[in-house]
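Coordinates in review
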Amino acid sequence: MTPPRPIDLVLAVCGNFTQTPDGALTNCPVHGDANPSLLISEAEDGRVLIVCRSQRCDPKAIVAAWGLKMANLFPPDQPGGATAQSGEPQRSEKPIAVHEYTDRDGVLLFQVLKYQGAPRFRQRRPSHKEPPAPLWIWDLENVPRVPYRLPEVAAAITFGQRIYIVEGEKDADALARLGLTATTNSGGAGNWPPECTAAIVGAKAVTIVPDNDAAGHKHARTVRDALRDKVGKLRILNLPDLPEKGDVSDWIAAGGTREALEAI
């Protein structure tokens, strides 16, 4: 018996759908939308392309909610290694964090996805194309490497507020939760780009908080040298009682507060 086409199998399990010129439109089983937002279409090579237009839900989660596997989206004669509609490099797990880098107006430029294990990070940019074209392009070609949380950085410069520069999005988010303006660069230590320097020129005060290891301290000196004479007050702050390879998130988890940081 000839096995069903992937598109026929998916449409059989997805529930009610409406056929449109772009493909079948149905309800997303992950976020449970009231208005159908999940587009299902078939590529020329027989792959099934699935795109949640509302919440951009993970295709793997959508497929799992149907009781299928990612391999079910591919014809039997094709390898089923990548997410069909995105070109995402194969990984067996979901990212544990997604960090968005935007321009000053909040328009998304690229994302950094963090995973458990190695490689721990991947970067992607929106394709700005309509489905069934890939939603994401898995490189940062010709994308400006702006600092993380750029709109907040720009506002801090306008209002003369201090900016903290840390090593990693997790640390910047931790300081932001304390009500401070914090930023970092993508790619970790040793990857401070000219775009980040340009975005911080004119800041009244900048404090660099390094991770407590050789790479972190070297990175802090690189950032300091890049910003020298381009901002007002500029200093490197080595947090007290930080363990080897510790960071500001560890310091906060151990009881560090905004008041304690500002007092230091």
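This text goes with the structure placed above it.
Below is a short write-up of the structure. (Residues numbered from 1 in each chain as written. Predicted model: local features only at pLDDT ≥ 70, side-chain atom pairs only at ≥ 80, totals over all residues. Heavy atoms only, no water.)

Digging into the layout of surface pockets
Rolled over the atoms, a probe as big as a water molecule pinpoints where empty space is left. Approximately 400 Å³ is the volume attributed to the second largest pocket. Taken together, 18 residues form the lining of the second largest pocket, with Phe 121, Glu 167, Gly 168, Glu 169 and Gly 188 sitting closest to its centre. Those elements that place two or more of their residues in the lining of the second largest pocket are strand E6 (108-114), strand E7 (121-126) and helix H4 (169-177). Per-element accounting of the lining of the second largest pocket gives the leading share, three residues, to H4. (1 Å grid on protein atoms, 1.4 Å probe; cavity = no way out; pocket = protein on both sides within 12 Å on 5 of 7 lines; lining within 4 Å. Points joined across faces, edges and corners; volume = space filled by probe spheres on them. Helix = DSSP H or I, 4+ residues; strand = E, 2+ residues; numbered from the N terminus.)

Brief notes about the environment of Asn 35
In this fold, Asn 35 is placed in the loop between strand E2 (23-26) and strand E3 (38-42). For Asn 35, a relative accessible area of 61% gives the class exposed. Between the alpha carbons of Asn 35 and Asn 185 there is a distance of 38 Å; along the sequence they are 150 residues apart. (Buried < 20%, exposed > 50% of the residue type's maximum accessible area, 1.4 Å probe, protein only.)

Focus: the pattern of salt bridges
Tallied over the entire structure, the rule returns 11 salt bridges. Its salt-bridge partner being Glu 42, residue Arg 5 comes within 3.2 Å of it at the nearest N-O pair. Of the two residues, Arg 5 sits in the segment before helix H1 (6-13) while Glu 42 sits in strand E3, which places them 37 residues apart along the sequence. Where Arg 258 meets Glu 262, a salt bridge forms, and the shortest distance between an N and an O atom there is 3.2 Å. In this pair, Arg 258 and Glu 262 both sit in helix H8 (residues 258-263), four residues apart, roughly one turn of the helix. Exposure remark for Arg 258: the relative accessible area of 29% places this residue in the partly exposed category. We classify Glu 262 as partly exposed; its relative accessible area is 44%. By sharing partners, the salt bridges in this structure join Arg 5, Asp 8 and Glu 42 into a single network. (Salt bridge = Lys/Arg side-chain N within 4 Å of Asp/Glu carboxyl O.)

A word on the sheet that holds strand E1 (residues 17-20)
By way of backbone hydrogen bonds, the strands of a sheet pair with one another, either parallel or antiparallel. Sheet architecture is open: four strands sit in the order E1-E2-E3-E4, paired in antiparallel fashion. Pairing within the sheet leaves two strands with one partner each, and these edge strands are E1 and strand E4 (48-52). Shown here is a sheet whose adjacent strand axes are inclined to one another by a mean of 25°, direction ignored. Of the strand pairs in this sheet, E1 and E2 are connected by four bridges, and their pairing is antiparallel. Across the sheet, the residue bridging to Thr 18 is Leu 25, located in E2. (Pairing = 2+ DSSP bridges. Axes fitted to C-alpha atoms, helices over the stretch in contact; angles between N-to-C directions.)

A closer look at the nonpolar core
By size, the foremost hydrophobic cluster in this structure holds 39 residues, and its most contacted members are Ile 165, Leu 175, Ile 200, Val 206, Leu 239, Val 248 and Leu 261. Broken down by secondary-structure element, the contributors of at least two residues to this core are E6, helix H3 (150-158), strand E9 (162-165), H4, helix H5 (194-200), strand E11 (205-208), helix H6 (214-227) and helix H7 (248-253). Setting aside anything within four residues of it in sequence, one finds Leu 261 in contact with Tyr 164, Leu 175, Leu 180, Leu 237, Leu 239 and Trp 251. Residues Leu 11, Cys 14, Cys 28 and Met 70 belong to the second largest nonpolar core, which totals 19 residues. (Core = buried A, V, L, I, M, F, W, Y, C linked by side-chain atoms within 4.5 Å. Contact = heavy atoms within 4.5 Å.)

Distances and angles like these do not, on their own, reveal function.
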